[in-house]
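Reading the structure
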Amino acid sequence: QVQLVESGGGLVQPGGSLRLSCVASGLTFSNYHMGWFRQAPGKERERVTAITWSGGITSYADSVKGRFTISRDNAKNTVYLQMNSLKPEDTAVYYCAAKRVSFGSGWYGPWYEYNYWGQGTQVTVSS
């Protein structure tokens with residue numbers, strides 16, 4: 001059984017920081033590109049950031065560039081999202097997702113190109 005389990009969400013004041021973790025099991029972690037998505041109430045799911053299977057290349061949405069950092073530790077089957085300088089508009093449910101490595105497709109993409117998803121963790125930025 002493939003399972004992605006997020007943790008680290010919570011309530012934080014504007015300007016604060018959180019680190020999310022996503023631990024994968026039931027798959028060969030290095031065979032998957034990883035990404036973080038988020039969905040706020042009334043809004044569509046948004047790709048926040050992505051990282052290649054090796055961790056060598058990353059991509060960020062314009063809204064989080066300079067504030068968020070994605071990383072992965074393949075030895076621990078874990079991908080992280082360090083979030084700094086948080087803003088109220090960052091409030092959302094954050095999901096980690098896994099995209100199977102394939103020579104015929106890219107290392108990141110829209111949500112429907114991902115094979116597995118975590119259950120999500122709530123991040124609330126409010127004073």
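Quick note: structure is the one above.
Definitions and cut-offs
- Residues numbered from 1 in each chain as written.
- Predicted model: local features only at pLDDT ≥ 70, side-chain atom pairs only at ≥ 80, totals over all residues.
- Heavy atoms only, no water.
- Helix = DSSP H or I, 4+ residues; strand = E, 2+ residues; numbered from the N terminus.
- Polar contact = N/O pair within 3.5 Å; in protein donor to acceptor, adjacent residues only side chain to side chain.
- Buried < 20%, exposed > 50% of the residue type's maximum accessible area, 1.4 Å probe, protein only.
- Pairing = 2+ DSSP bridges.
- Phe/Tyr/Trp six-rings, centres within 6.5 Å; stacked < 30°, edge-to-face > 60°.
- Core = buried A, V, L, I, M, F, W, Y, C linked by side-chain atoms within 4.5 Å.
- Salt bridge = Lys/Arg side-chain N within 4 Å of Asp/Glu carboxyl O.

**Re the side chain of threonine 49**
Its place among the elements puts threonine 49 in strand 5 (residues 46–51). One polar contact links the side chain of threonine 49 to the main-chain carbonyl oxygen of serine 59, over a distance of 2.8 Å.

**Remarks on the pairing of strand 1 (residues 3–7)**
Residues Leu4 and Glu6 line the buried face of strand 1, whereas the alternating positions Gln3, Val5 and Ser7 sit on a face that is not buried. With five bridges connecting them, strand 1 and strand 3 (residues 18–25) associate as antiparallel partners. Its bridge partner being in strand 3, glutamate 6 is matched across the sheet by cysteine 22.

**Here we look at unusual backbone geometry**
Despite not being glycine, asparagine 77 has its phi angle at roughly 55 degrees, a positive value. Note on placement: asparagine 77 falls in the loop between strand 7 (68–73) and strand 8 (78–83). The phi dihedral of serine 85 is positive, around 50 degrees, even though this residue is not glycine. When you line up the elements, serine 85 lands in the loop between strand 8 and strand 9 (92–100). Assessed through its relative accessible area of 41%, serine 85 is described here as partly exposed.

**Points about the packing of aromatic side chains**
Summed over the entire model, instances satisfying the criterion amount to seven aromatic pairs. An angle of 85 degrees between the planes, with centres 5.8 Å apart, marks the rings of tryptophan 111 and tyrosine 112 as edge-to-face. Residue tryptophan 111 is classed as partly exposed on the basis of its relative accessible area of 44%. According to the relative accessible area criterion, tyrosine 112 is exposed, its value standing at 57%. Grouping aromatic residues by their ring pairs yields a cluster made of Phe37, Tyr95, Tyr114 and Trp117.

**As for the pairing of strand 5**
Bridge count for strand 4 (residues 32–39) against strand 5 is five bridges, and the pairing is antiparallel. Following the sheet pairing, phenylalanine 37 is matched in strand 5 by arginine 47. Adjacent in sequence and paired antiparallel, strand 4 and strand 5 are bridged by six residues, among which glycine 42 carries a positive phi angle near 75 degrees. One ladder, built from three bridges, connects strand 5 with strand 6 (residues 58–60); its direction is antiparallel. Bridging from a neighbouring strand, alanine 50 pairs with serine 59 of strand 6.

**A few points about the nonpolar core**
Within the largest apolar cluster, 28 residues are counted, with the highest numbers of intra-cluster contacts made by Trp36, Phe68, Val79, Met83 and Tyr94. In this structure, Phe37, Ala50, Ala97 and Tyr114 belong to the second largest nonpolar core, which totals five residues.

**Here's the deal with the pattern of salt bridges**
Evaluation of the coordinates by the stated rule reveals four salt bridges. In this structure, arginine 38 engages aspartate 90 in a salt bridge whose closest nitrogen and oxygen atoms are separated by 2.9 Å. Highlighted residues: arginine 38 in strand 4 and aspartate 90 in the loop between strand 8 and strand 9, separated in sequence by 52 residues. Of the two residues, arginine 38 and aspartate 90, both sit in the buried class.

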